Amino acid sequence: MQMNIAQEAAAILTRLRATRPLIHHITNSVSINDCANITLAIGASPVMADDVQEVGEMVAVASALVLNLGMPNPRKIEAMLIAGKRAAQKGIPIVLDPVGVGATKLRMETAKRFFSEMNISVVRGNLAECKALLGFSGGSQGVDCILKEEYKENFAQELAQKLGCVVAITGATDIVASGSQLCRIHNGNSLLTGITGTGCMTTSLVACFSSVNRETFIGAVAGIAAMGVAGEIAEHSLKPGEGLGTFRIRLMDAISNMKQETLLNRMKIS
Amino acid sequence: MQMNIAQEAAAILTRLRATRPLIHHITNSVSINDCANITLAIGASPVMADDVQEVGEMVAVASALVLNLGMPNPRKIEAMLIAGKRAAQKGIPIVLDPVGVGATKLRMETAKRFFSEMNISVVRGNLAECKALLGFSGGSQGVDCILKEEYKENFAQELAQKLGCVVAITGATDIVASGSQLCRIHNGNSLLTGITGTGCMTTSLVACFSSVNRETFIGAVAGIAAMGVAGEIAEHSLKPGEGLGTFRIRLMDAISNMKQETLLNRMKIS
Amino acid sequence: MQMNIAQEAAAILTRLRATRPLIHHITNSVSINDCANITLAIGASPVMADDVQEVGEMVAVASALVLNLGMPNPRKIEAMLIAGKRAAQKGIPIVLDPVGVGATKLRMETAKRFFSEMNISVVRGNLAECKALLGFSGGSQGVDCILKEEYKENFAQELAQKLGCVVAITGATDIVASGSQLCRIHNGNSLLTGITGTGCMTTSLVACFSSVNRETFIGAVAGIAAMGVAGEIAEHSLKPGEGLGTFRIRLMDAISNMKQETLLNRMKIS
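The model shown is predicted, which means the values in this text are computed figures rather than measured ones.

With respect to the overall build of chain A
Right, so step 1: Tallying secondary structure elements over chain A gives eleven helices and eight strands in all.
Right, so step 2: At 17 Å, chain A has a C-alpha radius of gyration in line with the 18 Å of a compact globule built from 270 residues.
Right, so step 3: C-alpha extents for chain A along the principal axes are approximately 45 × 45 × 40 Å.
Right, so step 4: The 270 residues of chain A split such that 64% are buried.
Right, so step 5: Intrachain contacts of chain A at a sequence separation of at least 6 include 72% that bridge at least 24 residues.
Right, so step 6: Side chains of chain A give 25 positive and 23 negative charges; the mean places of these two sets differ by 1 Å.

Some words on the relation of the copies chain A and chain B
Right, so step 1: After a rotation of 120° and a shift along the axis of 0.0 Å, chain A superposes on chain B with an RMSD of 0.0 Å. Interpreted geometrically, this transformation is the action of a three-fold axis. Judged by C-alpha distance, A:Ser29 is the residue of chain A that lies nearest the rotation axis, at 3.5 Å.

Details of the relation of the copies chain C and chain B
Right, so step 1: Of the two same-sequence chains, chain C is brought onto chain B (RMSD 0.0 Å, axial shift 0.0 Å) by a rotation of 120°.
Right, so step 2: Little of the interface of chain C is mirrored in chain B: 8% of its interface residues are interface residues there too.

Re the interface of chain C and chain B
Right, so step 1: Taken together, the contact pairs 25 residues of chain C with 21 residues of chain B.
Right, so step 2: The contact between chain C and chain B buries some 1900 Å² in all, and 54% of this surface belongs to carbon and sulfur atoms.
Right, so step 3: Taken together, the links from chain C to chain B amount to one salt bridge.
Right, so step 4: In this structure, C:Arg107 engages B:Glu54 in a salt bridge whose closest nitrogen and oxygen atoms are separated by 2.7 Å.
Right, so step 5: Between the two partners, chain C and chain B, sit 13 residue pairs in polar contact (both at pLDDT 80 or more).
Right, so step 6: Put simply, the parts of the chain that give the side of chain C that touches chain B at least two residues each are helix H5 (105-117) and helix H10 (244-257) of chain C.
Right, so step 7: Among the elements that line the side of chain C that touches chain B, the one with the most residues is H10(C), at five residues.

Concerning the UniProt feature "binding site: ATP" (unreviewed entry) in chain A
Residue and element names in this part refer to chain A.
Right, so step 1: When the UniProt feature table is mapped onto this chain, "binding site: ATP" (unreviewed entry) is found at Arg 124 and Thr 170. Spatially, the listed residues are clustered: although they cover 47 residues, their C-alpha atoms lie within 7.3 Å of one another.
Right, so step 2: By the secondary structure assignment, Arg 124 is in strand S5 (residues 122-125).
Right, so step 3: Residue classification places Arg 124 among the buried residues on the basis of a relative accessible area of 5%.

Notes on the pattern of salt bridges
Right, so step 1: With the rule as written, the count across this model stands at 36 salt bridges over all chains.
Right, so step 2: A salt bridge links C:Arg250 to C:Glu242, with the nearest nitrogen and oxygen atoms 3.2 Å apart. Comparing C:Arg250 with C:Glu242 shows no difference in burial state: the two are buried.
Right, so step 3: Look at the salt bridges and you will find they share partners, linking A:Asp50, A:Asp51 and A:Arg75 into a network.

Some points on the sheet that holds strand S4 (residues 94-97) of chain C
Residue and element names in this part refer to chain C.
Right, so step 1: With mixed pairing, the eight strands of this open sheet are ordered in space as S2-S1-S3-S4-S5-S6-S7-S8. Across the chains shown, the open sheet's two edge strands, defined by having one partner strand only, are strand S2 (45-47) and strand S8 (182-185). Neighbour-to-neighbour, the strand axes of the sheet open up by a mean angle of 20°, direction not taken into account.
Right, so step 2: With four bridges connecting them, strand S5 (residues 122-125) and strand S6 (residues 166-169) associate as parallel partners. Along S6, the bridge assignment pairs Val 123 with Val 167.
Right, so step 3: The strands that helix H8 (residues 198-213) touches are strand S1 (22-26), strand S3 (64-68), S4 and S5; relative to S5, the one it contacts most, it runs at about 155°.

Some words on the interface of chain A and chain B
Right, so step 1: Contacts between the two partners involve 21 residues from chain A and, on the opposite side, 25 residues from chain B.
Right, so step 2: Across the interface of chain A and chain B, roughly 1900 Å² is buried in total on both sides, 53% from carbon and sulfur atoms.
Right, so step 3: Contact with chain B buries surface across chain A, with A:Asn33, A:Glu54 and A:Glu57 losing the most and accounting together for 24% of the total.
Right, so step 4: Inspection of the region where chain A meets chain B yields one salt bridge.
Right, so step 5: Only helix H2 (32-42), helix H3 (55-60) and helix H10 (244-257) of chain A provide two or more residues apiece to the side of chain A that touches chain B.
Right, so step 6: Of all the elements, H2(A) adds the most residues to the side of chain A that touches chain B, at six residues.
Right, so step 7: The residue inventory of the side of chain A that touches chain B, partitioned by class, reads nine nonpolar, six polar and six charged.

Regarding unusual backbone geometry
Right, so step 1: Within the chain, A:Arg214 stands out as a residue other than glycine whose phi angle is a positive 55°.
Right, so step 2: Here A:Arg214 is to be found in the loop between helix H8 (198-213) and helix H9 (216-237).
Right, so step 3: Non-glycine residue C:Arg20 carries a positive phi angle of around 45°.
Right, so step 4: Structurally, C:Arg20 is set in the loop between helix H1 (2-19) and S1.

Reading the values: the criteria
- Residues numbered from 1 in each chain as written.
- Chains lettered and ligands numbered in written order.
- Predicted model: local features only at pLDDT ≥ 70, side-chain atom pairs only at ≥ 80, totals over all residues.
- Heavy atoms only, no water.
- Helix = DSSP H or I, 4+ residues; strand = E, 2+ residues; numbered from the N terminus.
- Rg over C-alpha atoms; globule rule 2.2 N^0.38 Å.
- Buried < 20%, exposed > 50% of the residue type's maximum accessible area, 1.4 Å probe, protein only.
- Contact = heavy atoms within 4.5 Å.
- Lys, Arg positive; Asp, Glu negative; His and termini not counted.
- Charge placed at Lys NZ, Arg CZ, Asp CG, Glu CD.
- Least-squares fit on C-alpha atoms with pLDDT ≥ 70 in both.
- Buried area = accessible area lost by both parts, 1.4 Å probe.
- Salt bridge = Lys/Arg side-chain N within 4 Å of Asp/Glu carboxyl O.
- Polar contact = N/O pair within 3.5 Å; in protein donor to acceptor, adjacent residues only side chain to side chain.
- UniProt positions renumbered as here; feature names shortened; annotations may be inferred.
- Pairing = 2+ DSSP bridges.
- Axes fitted to C-alpha atoms, helices over the stretch in contact; angles between N-to-C directions.
- Nonpolar A, V, L, I, M, F, W, Y, C, P; charged D, E, K, R; others polar.

Have a look at this one:
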């Protein structure tokens, strides 16, 4: 089965580049430029409008919606709610990046509202963020054993079932859970945590890949694997004296040069 | 005549670097960093204030004003109107980038207000954006023949006359029309559409070049040609394995290293 | 004594990387990505929330606060005041970057409010910005002799005493004054003024280094020296044909690869 997932995931890349789907983002100003560039580099087309007066019209022509909780404010949250409802009407995937959701009441309450007022398709976050989400969904937040690698998978499945969406937890090993299916991705490296926005960019890639067939489980696997493989290629390319600045550029190079075969051959999933 | 335009355009670069004009931008957060950096790289000085309480004071010391319609919101639009009026009083060029103007009512209405309430000097957009502008200016929107290359020039002249400003339509071939004069620019490449913000950055360059002598036709030609030539130099510098991330860096390198002779020798206009 | 300052300053780097302090920023959208990346590159952890509803909670877990006056608006200013009060309660350093403070009334009045309503620990600005601050603090603004290099040191000390904080004036020679102690830093180069955000990034580094022992004089020296040394390394690495785009990437490389010994050996202070 895993072979099939890898093949399916890699095959999306070719269709993505042929169709250039429009990916609407409502996101933070730290990584907004990086998200636009990675969306272009993988072969899709980004749009980043965030005003309540126009997000509806933009989402109406988009193939996926990214909602990123970094640097929230009431104006953007309102726009996200409008965009989310429009996306649900259209039936396009909504990918939520719950940036720092456990850190403030505003983010927690916003995430709660999102899950009650719209149909989120995929959540892509780190373990701490996903633990915070389990908290308000009535799950077993605070159970420390979920920090152990072997329990993370059960936790991901539980959260996917509670939230009714695909849950992608990125970390040393990435886990994508649909509530029934589960996939582990073993690509990537620690340099990816040394530059800002790699989480946000991974979420953009998940949205790009999910938009093609509106298949979010495979889309999440493909997006996360593409980022991990690109991180490995970028790290491998570094020469002495080069550091995080160059790594960030090579990461974008690797995404823009990514081929279906490269993704398939280098993807390590189980 | 064309030889004169190329020489005049290239000569502005030297004067620009000697005078370091201040270019005020009110723009979107996707490409704001890129626009600031390209403004510095070409030899001018950027300022990006966007609050109604201070834009007037900033424009009062600026040599050109860029209004970019990407990611509009009521607060920024208000600031743009204040800035535009102050710029008109000062007599400095106002360069409008009508990003995605046809996509939403908010952008269409904002562009309409701009043309009725201030004196726009140059519009720099793609064909779809310029078609949308012709629509509200009472022109022949929807005439499909303007999509054909040979009709684009007539369309540009018609729009320039209707709007009473220089119209620069960038694409495979770029066209700058003043209503009477017309210039085609044949530089550039498709990689420029693979990274975000190249349109916005071109608009910044048009403002930089236009600010020197307040001559917007030549300024638009020079700004667009500089971007095209830089795109060619950047593409030519790419080695195997390098992609869009490196292209973006080399583009900035090429702008910062651009010499008057390089611009003159490589500029292909007709 | 200067030897001790250099050794102390360089030693902070190792402690900084071991503790990964959280540095909260409220800043402008031009350089926000650069500031987040340089904070990561030096070994700290950035957070950039700017809404009044959540900045207090973020500052509560931070080790330093950066307030950057670029692109101010009433919403952000309110958030800065809340964050500043929370930072003062916690006793963490508040580092102010008075971007363009003399240029508009909004910035001047905001800086005035900041100094009357919170305890700023360090100001990091250029000479023009610091002159503007002396104006409202009742000092001798307008005295032209402070433009002469030899008078800048007395000016910095006067301003530090008036404002009751460390004053770091960056320029050809950088000066850090505590009101009693003074240090000159002779690193850096003119390319640093050719890219946007180097001032803002220096301020972020000052906050990173100041957060470790809450020692702001040494922290300011260390942050400014790190930027200067990185600028020299980046410039030295440039090959023919490379320009400001590559310089910016190499600057980030040099920060991420900076070692305590490199910083100590290359730091030129007096």
